Amino acid sequence: MDPLLIIALVVGAVVVVAVTVVVLRRRGLSAPERRPELPAGGSLSAGLAKTRRSIGDLLTDAFTRTLDEMTWTEIEDALVAADVGLATTAQVVAAARAAKPQDAAGAREAVRRELVAAIAGADRQLDLTGTPSVIIVVGVNGVGKTTTIAKIAHNLIADGKSVLLGAADTFRAAADSQLRTWANRVGAEIVAGESGGDPASVAFDSFAAAKSRGIDVVIIDTAGRLHSKANLMAELGKIAKVVAREAGRVDETLLVLDATTGQNGIAQARQFLDSVDVSGVVLTKMDGSAKGGVVVAIERELGIPVKLVGVGEAMDDLVGFEAEAFVEALLGET
Ligand code: GDP
């Protein structure tokens, strides 16, 4: 064959391959085919290390000895120490005992099964079907609300969605600039109002801006403290009402709770539940808590699914909650 023809063929092939690679890359960036659900990142099991260590000390011994009355007491103590809650612990242990396990390994399996059953069946996916979808995020100051909003935005953007943050905490002077910093960092847009302005109108403007700009998801930050609790709850109720009227629906109202506060988070949650229709809980700071069992108490006592768990301060440290993996991590190795 003519050497010139061979060179021409090789050059042609290289050009075709290069063009194909560029086209595929572009497609990958502009229209990723990944699922919209959150998220990957850090791991639930790693985030539960502290809880596991504290209850593991109590349980590892119990699960490897001869099964007797003492074993059941130790199991009960460990679950209560992990903040599973008195009522749920009593139910789980009673049901596990009723299964009449023959040895300690059987007892562990029975407890595992009952704990999974206690929190199974909840729908934990974020439901983001609205256009734009609206997520309202509520919770008291300091629980990790702003960081959680940034993490959710980061994950959604990584999934190819566009995100707008609505800075509807007009009460706390620094809230706006903190959210703006995160918006810049993760690549989200932001709509903010005047300091001291009407939060419901910021929420309204955020939704309107997202709709007109064709943005996929609006995440609305809300105040975590006001002059009084009654004011705060009234304000949250108003934001939810205004957004629902405008958008037709609020896709998710997420309550952020701090796992290190354990059972106290339940009392905090009840106050929010009186004013807003919470669709899911985000439990933050699991990595710093020995009370990870509070997930069970939240779901059993409040009837709200834990949808996301914060397991660190980095943007990837927000993980979806899975009952089986959680219980396995909670009970630890034997
Ligand atoms: P906000 O007042 O509720 O908005 O709380 P921030 O988002 O400002 O968070 C308060 C502190 O908690 C910050 O130092 C965050 O980095 C930290 N934080 C938030 N989520 C987590 C988490 O899942 N794990 C850990 N270790 N720290 C977290």
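This structure is a prediction, so every number in the text was calculated from the model and none was measured. (Residues numbered from 1 in each chain as written. Predicted model: local features only at pLDDT ≥ 70, side-chain atom pairs only at ≥ 80, totals over all residues. Heavy atoms only, no water.)

J.: Even after reading the chapter, I still don't get the packing of helix α4 (residues 69–81) against helix α6 (residues 104–119), so can you show me in this structure?
T.: Axis angle and axis distance: for two packed helices, these are the angle between their axes and the distance between the axes, and together they describe the pair. Where α4 contacts α6, the two axes come as close as 12 Å, and the packing angle between them is 35°. Where α4 crosses over α6, the handedness of that crossing is right-handed. From α4, Trp72, Ile75 and Leu79 reach across to α6, where they touch Ala107, Val111 and Leu115. Class assignment for the residues of the contact of α4 with α6 results in 6 nonpolar, no polar and no charged. (Axes fitted to C-alpha atoms, helices over the stretch in contact; angles between N-to-C directions. Helix = DSSP H or I, 4+ residues; strand = E, 2+ residues; numbered from the N terminus. Left-handed = near helix turned anticlockwise from the far one by under 90°. Contact = heavy atoms within 4.5 Å. Nonpolar A, V, L, I, M, F, W, Y, C, P; charged D, E, K, R; others polar.)

J.: Explanation requested: the sheet that holds strand β4 (residues 217–222) in the structure shown.
T.: Across a sheet, strands are paired by hydrogen bonds formed along the backbone, either parallel or antiparallel in direction. Taken together, 8 strands build an open sheet; the order of strands is β3-β2-β4-β1-β5-β6-β7-β8 and the sheet is mixed. Lying at the two open borders of the sheet, with one neighbouring strand each, are β3 (189–192) and β8 (318–320). Averaged over all pairs of adjacent strands, the angle between their axes in this sheet comes to 25°, without regard to strand direction. The sheet strands contacting helix α7 (residues 145–158) are β1 (133–138), β2 (163–168), β4, β5 (252–258), β6 (280–284), β7 (306–310) and β8, and the helix crosses β4 at an angle near 175°. Packing against the sheet, helix α9 (residues 199–213) makes contact with β1, β2, β3 and β4, and its axis sits at approximately 165° to β2. (Pairing = 2+ DSSP bridges.)

J.: Help me out: how do you make sense of the pairing of β6 in this one?
T.: Within a regular strand, the side chains alternate between the two sheet faces. Across the 5 residues that make up β6, a large majority, 5, are buried. On β6, burial covers both faces: Gly280, Val282 and Thr284 on one face and Val281 and Leu283 on the other are all buried. With 5 bridges connecting them, β5 and β6 associate as parallel partners. By the bridge assignment, Leu254 is partnered in β6 with Gly280. Between the parallel elements β5 and β6, the chain passes through helix α11 (residues 264–275) in a crossover that is right-handed. (Buried < 20%, exposed > 50% of the residue type's maximum accessible area, 1.4 Å probe, protein only. Right-handed = clockwise from strand over helix to strand, strands pointing away.)

J.: Please clarify how the packing of helix α10 (residues 229–247) against α11 should be interpreted in this entry.
T.: Where α10 meets α11, the closest approach of the two axes is 8 Å, and the angle between their N-to-C directions is 50°. The pairing of α10 with α11 is recorded here as oblique in orientation. The two elements α10 and α11 meet at a crossing, and its hand is right-handed. Along the contact surface, α10 presents Lys229, Met233, Leu236 and Gly237, while α11 presents Gln271, Phe272 and Ser275. Residues that form the contact of α10 with α11 fall into these classes: 3 nonpolar, 3 polar and 1 charged. (Parallel < 35°, antiparallel > 145°, perpendicular 65-115°, else oblique.)

J.: Honestly, the nonpolar core in this entry has me stumped. Any pointers?
T.: Across soluble globular proteins, you tend to see nonpolar side chains buried next to one another. Grouped together as the largest cluster of nonpolar side chains are 74 residues, with contacts concentrated most on Ile75, Val111, Leu115, Ile220, Leu283, Ile298 and Phe326. Beyond its immediate chain neighbours, meaning those up to four positions away, Val111 contacts Trp72, Ile75, Leu79, Val92, Ala96 and Leu331. Formed by 27 residues, the second largest nonpolar core is a distinct cluster that contains Ala150, Leu179, Val217 and Leu254. (Core = buried A, V, L, I, M, F, W, Y, C linked by side-chain atoms within 4.5 Å.)

J.: For this particular structure, what's the right way to read the site of the ligand?
T.: Around the ligand, 17 residues are found, and the nearest of them are Gly142, Thr146, Thr147, Asp287 and Glu313. In this structure, Gly144 approaches the ligand through a main-chain N or O atom, which is 2.9 Å from an oxygen atom. One of the side-chain nitrogen or oxygen atoms of Glu313 is found 2.6 Å away from an oxygen atom of the ligand. Coverage of the ligand by the protein chains reaches 78% of its 590 Å² of free accessible surface. The cavity where the ligand resides is the largest pocket. Broken down by element, the shell around the ligand gets its largest block of residues, 4 residues, from α7. For the shell around the ligand, the residue count by class is 3 nonpolar, 9 polar and 5 charged. (Near = heavy atom within 4 Å. Polar contact = N/O pair within 3.5 Å; in protein donor to acceptor, adjacent residues only side chain to side chain. Areas by Shrake-Rupley, 256 points an atom, 1.4 Å probe, with all protein chains shown as cover. 1 Å grid on protein atoms, 1.4 Å probe; cavity = no way out; pocket = protein on both sides within 12 Å on 5 of 7 lines; lining within 4 Å. Sits in = over half its atoms within 2 Å of the grid points.)

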